[in-house]
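# Overview (structure and organization)
Below, each chain spelled out in residue letters.
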Amino acid sequence: MDNAHLVIYTFDLVGTAAFAFSGAIRALDRRPDFIGMLLLAGLTAIGGGMIRDAILGREAAVLSDPTYMWTILASVILIYFFPSSFWKRANLFNYFDAFGYGAFAGVAANIGVAQDMNLFAVLILATLTGCGGGVVRDVILGKPSQPLNDELYVIPVLCGASALYFLNQAQIPNLTASQIQVLGFLVAFLITTGGRLVAISWNIRLPRVDSEVKWNAK
């Protein structure tokens, strides 16, 4: 494994842990047992990656590399045995979620560029991968899904994936293809996660459809 793949693989594992944390924390108010928490955290952590690999027609990474499952298990054990530490800091959910979806979106965009996808295909792949696990989590819990609310959620992914795409298309002197790959991934991750964290901190939201609008269904 070369340095570029090692960096991206490491972030993928950290993103898996972050999404596992977010899934487990999101479920705390339901007082789940260990298996229930593990299932929800697992679906949150691997949901986006499974969608990505299904689209690409390749074997899911989680099925060939047990490190992903060990990462999820360790995350759940930590929250299961110390729930009060996380329950008192419920806002941690948003930060874990932001980190996880930034990492996953960057990994997906990098894979799309490596397979010579066009810009719009890269954006779709990054968005589905970054947001997929969170949507699965919220649907199972019956909670409002963040990408469908007015939160600034999808736009940071689009900006980060676009930056990665154009960096890989540019000719940057004195940088090898591997270095550009790592640079593009890190820029995508920072823009995506950073944009989400700014939106959380400053409560930045998109304008919603006017509530006075009424459908004249016939």
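So, here's what we can say about the structure. Keep in mind the model is a prediction, meaning the values are calculated, not measured.

### Examining the environment of leucine 6
Within the secondary structure layout, leucine 6 lies in helix 1 (residues 3-26). In this structure leucine 6 comes out as partly exposed when scored by relative accessible area, which is 42%. Between the C-alpha atom of leucine 6 and that of arginine 26, which follows or precedes it by 20 residues, the distance is 30 Å.

### Details of the environment of isoleucine 124
Mapped onto the elements of the fold, isoleucine 124 is located in helix 7 (residues 119-141). Remark: the alpha-carbon pair of isoleucine 124 and tyrosine 153, spanning 29 residues in sequence, is separated by 14 Å.

### Describing empty space enclosed by the protein
Going through the model one piece at a time under the given rule, you end up with 1 cavity of 30 Å³ or more. Roughly 110 Å³ of internal volume is contained in the largest cavity. Elements with a minimum of two residues in the lining of the largest cavity: helix 1, helix 2 (34-56) and helix 3 (61-64). The element that contributes the greatest number of residues to the lining of the largest cavity is helix 2, accounting for 6 residues. The class makeup of the residues in the lining of the largest cavity is 8 nonpolar, 2 polar and 3 charged.

Thresholds, definitions, all that
- Residues numbered from 1 in each chain as written.
- Predicted model: local features only at pLDDT ≥ 70, side-chain atom pairs only at ≥ 80, totals over all residues.
- Heavy atoms only, no water.
- Helix = DSSP H or I, 4+ residues; strand = E, 2+ residues; numbered from the N terminus.
- Buried < 20%, exposed > 50% of the residue type's maximum accessible area, 1.4 Å probe, protein only.
- 1 Å grid on protein atoms, 1.4 Å probe; cavity = no way out; pocket = protein on both sides within 12 Å on 5 of 7 lines; lining within 4 Å.
- Points joined across faces, edges and corners; volume = space filled by probe spheres on them.
- Nonpolar A, V, L, I, M, F, W, Y, C, P; charged D, E, K, R; others polar.

Read these as layout, nothing more, since geometry by itself doesn't imply function.
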